[in-house]
Amino acid sequence: MIKGVIFDLDGVLVSTDELHYEAWSKLARELNINNYTKEDNKAQKGVSRMESLEIVLKKGNLDYSDKEKELLADRKNNYYVEMLDSLEDSAVLKDVKEALEMLKIRGIKIGVGSASKNTPLILEKTGLSPSIDAVSCGIDVTKSKPDPEVFLVAARKLCLPPKECLVVEDSFAGVVAAKAAGMKSLAVGPERKFLGADFDSETLLSETDWDLMLQISYNF
């Protein structure tokens, strides 16, 4: 049976998408890239900081050295971290706190698997840290989704085998990563029906859905 649930961060537990968009937009304008849009920002969902930078640079057909790219990515992250100063528990998405409490009552371990190196800071700012048993993020891994590394590290930190973990995601890359890790997946968010997950749900608060998912035997 499932003994651990690993949540993606942005778009699943909290909403910081707008802050990411504002930070990337600021960097794009500084590089004279005026055609960076929210659709481009969606393409950055679930991928690493450097891969996200490449999406921005392609909009301007710009080429930089690896060192210059690192400096640009750091500049964007500094903008983002500055914006995080105003982050509070209002950024936590609907039903999240109640769902985490429901899982705790059922004795389920809770992890977070995110490409963002800012994950610990975001969890602290939003007051979610006490509910999380283990965090796997960009600080711990070198490969981004759809590589399964971030989820495998989370499972290891939870002291659970992958087959006893369920991943909650809102991106296609995240669902692919969960499958590659040998874990079941639950898709949430507006695109949940199209992500190819084992389950999808409009709300995190359905006790019936959770009981069904958590009682899955090892039929992988």
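Scroll up to find the structure this text is about.
A short tour of the structure in this document, coming up.

Criteria and cut-off values
- Residues numbered from 1 in each chain as written.
- Predicted model: local features only at pLDDT ≥ 70, side-chain atom pairs only at ≥ 80, totals over all residues.
- Heavy atoms only, no water.
- Disulfide = S-S within 2.5 Å.
- Helix = DSSP H or I, 4+ residues; strand = E, 2+ residues; numbered from the N terminus.
- Buried < 20%, exposed > 50% of the residue type's maximum accessible area, 1.4 Å probe, protein only.
- Polar contact = N/O pair within 3.5 Å; in protein donor to acceptor, adjacent residues only side chain to side chain.
- Contact = heavy atoms within 4.5 Å.
- Arc of directions from axis to C-beta.
- Phe/Tyr/Trp six-rings, centres within 6.5 Å; stacked < 30°, edge-to-face > 60°.
- Lys NZ or Arg CZ within 6 Å of the ring centre and 35° of its normal.

### Some words on the state of the cysteines
Inference 1: Summed over the entire model, instances satisfying the criterion amount to zero disulfides.
Inference 2: For Cys 159, which is in no disulfide, the shortest distance to another cysteine sulfur is to Cys 165 and amounts to 11 Å.

### A short note on the side chain of Thr 126
Inference 1: The topology assignment puts Thr 126 in the loop between α6 (119–125) and β3 (134–136).
Inference 2: Overall, Thr 126 belongs to the buried group, its relative accessible area being 1%.
Inference 3: A polar side-chain atom of Thr 126 sits 2.8 Å from the main-chain carbonyl oxygen of Ile 122.
Inference 4: Here Thr 126 is in contact with Val 14, Leu 87, Glu 88, Asp 89, Ala 91 and Val 92, once residues within four sequence places are set aside.

### Here we look at helix α3 (residues 49–59)
Count 3.6 residues to each turn of an α-helix, and residues three or four apart come out pointing the same way.
Inference 1: Of the positions making up α3, those classed as buried are Ser 52, Leu 53, Val 56 and Leu 57. Down the axis of α3, the sector holding all buried residues measures 140°, keeping them to one side.
Inference 2: Packing partners of the buried residues in α3 comprise α1 (17–30) and α4 (66–84).
Inference 3: Positive backbone phi, approximately 50°, marks Asn 61, located one or two places after α3.

### Description of the packing of aromatic side chains
Aromatic ring pairs are described here by two measures, namely the spacing of the ring centres and the angle between the planes.
Inference 1: Under the counting rule described, the total for this entry stands at one aromatic pair.
Inference 2: Judged by centre distance (5.8 Å) and plane angle (20°), the rings of Tyr 21 and Tyr 36 are stacked. With Tyr 21 in helix α1 and Tyr 36 in the loop between α1 and α2 (38–43), the pair connects residues that are 15 residues apart, well separated along the chain. Residue Tyr 21 shares its accessibility class with Tyr 36, and that shared class is buried.
Inference 3: Across the ring face of Tyr 79, the terminal group of Lys 26 is positioned such that the distance to the ring centre comes to 4.2 Å.

So yeah, pure geometry; function would need other evidence.
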